[in-house]
Amino acid sequence: MFASHRKSSAFLLATALLLLLVMVGCSNTDNKKASSSSASDQASSTKEITMSWPRDIGTMNPHTYNPSQLFAQSMLYEPLISYQKDGKLEPALAESWTISDDGKVYTFKLRQGVKFSDGTPFNAEIVKKNFDAVMKNKDTHSWLGIVGVLDKTEVVDDHTFRMTLTESYYPVLQDLSVVRPFRFLGEAGFPDDGDTSKGIKEPVGTGPWMLADYKQDEYAVFKRNPNYWGTAPKVDQITVKIIPDGETRVLAFEKGDLDLIYGEGVISLDAFQQLRDNDEYVTQLSDPVGTRDLLLNSSNPKLSDVRVRMALQQGFNKKAMVEGVTAGLEEPADTVLSKNYPYTNVDLKPIEYDVEQSKALLDEAGWKQPAGGTVREKDGQPLEFEMIFDKTDPIQKAMAETIQAEWGELGVKVNLTGLELTVQIKRLKANDFDLYFWYNYGAPYDPHSFINVVASPGFGISETLSALPMKKELDEQVHAALSSTDETKRQKLYGSILTTLQEQSAIVPISYIKKTAVYQKKIKNFVFPANRDENPFVGIEVGDQ
């Protein structure tokens, strides 16, 4: 009986244990399913954008140039002043500022409560440390006007920073809004000796993004900065795939591997046109971000006569060329600077296409076409020029060939020379050219950076204009405009400078360059930044297709 009872008890115990194991197993399975479902839901709820870029993002050092890419630097590092549409300057890390009556002392009230991505505070001490690091390598940054006039910086208190100039220079705030070099690295990023020109320890900024993952020449992943002081991005993650080839970039986009292609010249104009014609995608063109110009070097005796320069400008059909070569994606330029910069809304008379007037001006200047000859001559010299262009730029090449053909009909011989970009730039700076394709700098650099190179030797533009009879007066006007504290006087000076350049025809405006953007329909609220070099992710959202 007892044996039977033990057997019955053992059976009941085994049955209970089996039921318990089944229940636990079911519970674990349910938990695994719930966990898996939760992870899946979380993954599907992550809002991310994948874009491409032609080259690696670089070292992400805010105080150096190559190889770091500007759009990526602007995701991590912020300025004191933000450049907005139509040249409006707004508070960024500085919530306000005052300027002394003589234009030499700038005092900035820094935004309180700002932290770097590692949680350390942003204050006047770190602002000064960044300024000191930039000015320690002054020669590297001498292209930026503020560097040449900055005398000293000081910490007034924890949230007040002051700088003093050697002389008045009105574009200080514009210079402080550019992507580099005056943006701010956190203490943890500084090398032990404070010299960031040799590299940084880690990219720590106050911006809305942090570099979360990176593989050189392959990809970079940016995630939201949890310590960001401003409005948090509406996207959790930006992945940048490095795809050097434009056609490969387009194929990846069409396969759905990319959500966004953005920038200048990142795909061919033909590819952009094809994607624009496809209803599956959204395309946008920005306002002008720069002007494509042709420099006519007045220091060449044949081009020193304004009648010859004017004849050349009037002697080719700019409108037809721009529309034909760029498929209408650039617009013909009537002025050296487009009117979406400060001080550029000046009433300038366009130089119209007029072949007969062009021929008459060349005749008047003494350049006659001999009987049976194809090239005009004067004093036994042919009217012949060399036009140099970037041999990797198909637009420059096509435009050069078009101009060559049209000027040939006027009796002007043009020899085309395709060069590597570095060689082309070297020849510009050495004033070793006749005809040269050139671009202005765009926002927020212009118009002040443009007029600065008009007057300052070493960049190639001042040398191009050297034979203008009013060059000395032009240089004086430039210096007066850059140092003026009187807004009305400054506008008048800009009007005079731009009028002189228009009438002298040594810088021939060809077309206004625009950024392109192509993106999948799930991307919402895409807006081109006002600053040419900034990233386009402010306010961007990801929705349903």
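Everything numeric in this text was worked out from a predicted model, so none of it was measured.

Below, the discussion takes up the overall build of the protein. Helix and strand content of the protein: 16 helices and 21 strands. Here the C-alpha radius of gyration of the protein, 30 Å, is well above what a compact globule of 545 residues would show, namely 24 Å. Here the C-alpha coordinates of the protein stretch approximately 140 × 60 × 35 Å along the principal axes. Relative to all contacts within the protein whose residues are 6 or more apart in sequence, the contacts with residues 24 or more apart total 69%. Here the protein has roughly 25,000 Å² of accessible surface; of this, 50% comes from carbon and sulfur atoms. Side-chain charges in the protein split into 59 positive and 76 negative, and the spacing between the mean points of these groups amounts to 4 Å.

With that settled, the discussion passes to the packing of aromatic side chains. Taken as a whole, this structure holds 24 aromatic pairs when the rule is applied. Ring geometry for Tyr170 versus Tyr494: centroids 6.5 Å apart, planes at 85 degrees, classification edge-to-face. Here Tyr494 lies in helix H16 (residues 487–504) and Tyr170 lies in the loop between strand S7 (160–165) and helix H5 (172–176), a separation of 324 residues in the sequence. Tyr494 carries the same exposure label as Tyr170, and that label is buried.

With that out of the way, let us pick up the pattern of salt bridges. Tallying each qualifying case throughout the model produces 27 salt bridges. Taking the shortest distance from any N to any O, the salt bridge between Glu401 and Lys397 comes out at 2.7 Å. One end of the pair, Glu401, and the other, Lys397, are both in helix H11 (residues 394–410), four residues apart, so they sit about a helical turn from each other. According to the relative accessible area criterion, Lys397 is partly exposed, its value standing at 37%. Glu487 is the salt-bridge partner of Arg490, the closest N and O atoms lying 3.0 Å from each other. Linking Arg490 with Glu487, this pair stays in helix H16, spanning three residues, or about one helical turn. Three or more residues are tied together by salt bridges with common partners; here these are Glu264, Lys515 and Arg532.

A few words now on the pairing of strand S18 (residues 435–439). In terms of burial, S18 is largely enclosed, as four of its five residues are buried. Relative to S18, strand S12 (residues 281–296) runs antiparallel, the two being bridged by five bridges. The partner of Arg292 across the bridge, within S18, is Tyr439. Two strands pair when backbone bridges link them, and strand S16 (residues 384–390) and S18 are joined in this way by two bridges, in the parallel orientation. When the bridges of S18 are listed, Ile388 appears paired with Tyr436.

Among the nonpolar cores identified, the biggest contains 98 residues, and Leu80, Phe108 and Phe222 are the most heavily contacted of them. Per-element tally for this core: the top contributor is helix H3 (residues 124–135), with six residues. If you look at the next biggest cluster of nonpolar residues, it comprises 46 residues, including Met310, Ala365, Ile403 and Ile510.

Another point: helix H10 (residues 355–364). Every buried residue of H10 is listed here: Ser358, Leu361 and Leu362. Down the axis of H10, the smallest arc covering the buried residues is 100 degrees, so these residues share one side. Residues Glu356 and Glu364 are exposed on H10 and point more than 90 degrees away from its buried face. Here the buried face of H10 lies against helix H8 (306–314) and H11. Where H10 begins, one side-chain oxygen reaches toward the backbone nitrogen of Glu356, 3.3 Å away; that side chain belongs to Asp354. The first or second residue beyond H10 is Gly366, which carries a positive phi of 95 degrees.

Moving on to the environment of Asp132. Within the element layout of this structure, Asp132 appears in helix H3. For Asp132, a relative accessible area of 36% puts it in the partly exposed group. The sequence separation of Asp132 and Glu487 amounts to 355 residues, and the corresponding C-alpha distance is 31 Å.

Attention shifts here to the packing of helix H13 (residues 448–455) against helix H15 (residues 471–483). Where H13 contacts H15, the two axes come as close as 9 Å, and the packing angle between them is 145 degrees. Crossing of H13 against H15: the hand is left-handed. In this structure, H13 contributes His448, Ile451, Asn452, Val454 and Ala455 to the contact, and H15 contributes Lys471, Leu474, Asp475, Val478, His479, Ala481 and Leu482. When its residues are assigned to classes, the contact of H13 with H15 shows seven nonpolar, three polar and two charged.

Attention now goes to the side chain of Asp293. When you line up the elements, Asp293 lands in strand S12. Discounting chain neighbours no more than four positions away, the residues touching Asp293 are Val336, Tyr436, Phe437, Trp438, Asn440, Ile507, Val508, Pro509 and Ile510.

The next point concerns the UniProt feature "domain: Solute-binding protein family" (unreviewed entry) in the protein. According to UniProt, the feature "domain: Solute-binding protein family" (unreviewed entry) maps to residues 88–456 in the numbering used here. Each end of residues 88–456 is marked by a C-alpha atom, and these two atoms are 26 Å apart; helix forms 28% of the span and strand 25%.

In this section: the sheet that holds strand S4 (residues 94–99). Spatially, the four strands line up as an open sheet ordered S4-S5-S7-S6, and their pairing is antiparallel. Sheet topology places S4 and strand S6 (150–157) at the edges, where each strand pairs with a single neighbour. When strand polarity is set aside, the average angle formed by the axes of neighbouring strands in this sheet is 20 degrees. As paired strands, S6 and S7 are joined by six bridges and run antiparallel to one another. Within S7, the position partnered with Glu154 by the bridge is Arg162. Lying on the sheet, H3 is in contact with strand S5 (105–110), S6 and S7; it crosses S6 at an angle near 165 degrees.

It is worth spelling out unusual backbone geometry at this point. The omega torsion of the bond from Asn66 to Pro67 falls at 10 degrees, within 30 degrees of zero and hence cis. Assignment of secondary structure puts Pro67 in the loop between strand S1 (48–53) and helix H2 (70–76). Residue Pro444 is bonded to the preceding Ala443 through a cis peptide linkage, with omega at 5 degrees. Tracing the chain through its elements places Pro444 in the loop between S18 and H13. Residue Tyr343 is not a glycine yet carries a positive backbone phi of 70 degrees. Here Tyr343 is to be found in the loop between strand S13 (331–332) and H10. Accessibility expressed as a relative area gives 10% for Tyr343, which makes it buried.

Reading the values: the criteria
- Residues numbered from 1 in each chain as written.
- Predicted model: local features only at pLDDT ≥ 70, side-chain atom pairs only at ≥ 80, totals over all residues.
- Heavy atoms only, no water.
- Helix = DSSP H or I, 4+ residues; strand = E, 2+ residues; numbered from the N terminus.
- Rg over C-alpha atoms; globule rule 2.2 N^0.38 Å.
- Contact = heavy atoms within 4.5 Å.
- Areas by Shrake-Rupley, 256 points an atom, 1.4 Å probe, with all protein chains shown as cover.
- Lys, Arg positive; Asp, Glu negative; His and termini not counted.
- Charge placed at Lys NZ, Arg CZ, Asp CG, Glu CD.
- Phe/Tyr/Trp six-rings, centres within 6.5 Å; stacked < 30°, edge-to-face > 60°.
- Buried < 20%, exposed > 50% of the residue type's maximum accessible area, 1.4 Å probe, protein only.
- Salt bridge = Lys/Arg side-chain N within 4 Å of Asp/Glu carboxyl O.
- Pairing = 2+ DSSP bridges.
- Core = buried A, V, L, I, M, F, W, Y, C linked by side-chain atoms within 4.5 Å.
- Arc of directions from axis to C-beta.
- Polar contact = N/O pair within 3.5 Å; in protein donor to acceptor, adjacent residues only side chain to side chain.
- Axes fitted to C-alpha atoms, helices over the stretch in contact; angles between N-to-C directions.
- Left-handed = near helix turned anticlockwise from the far one by under 90°.
- Nonpolar A, V, L, I, M, F, W, Y, C, P; charged D, E, K, R; others polar.
- UniProt positions renumbered as here; feature names shortened; annotations may be inferred.

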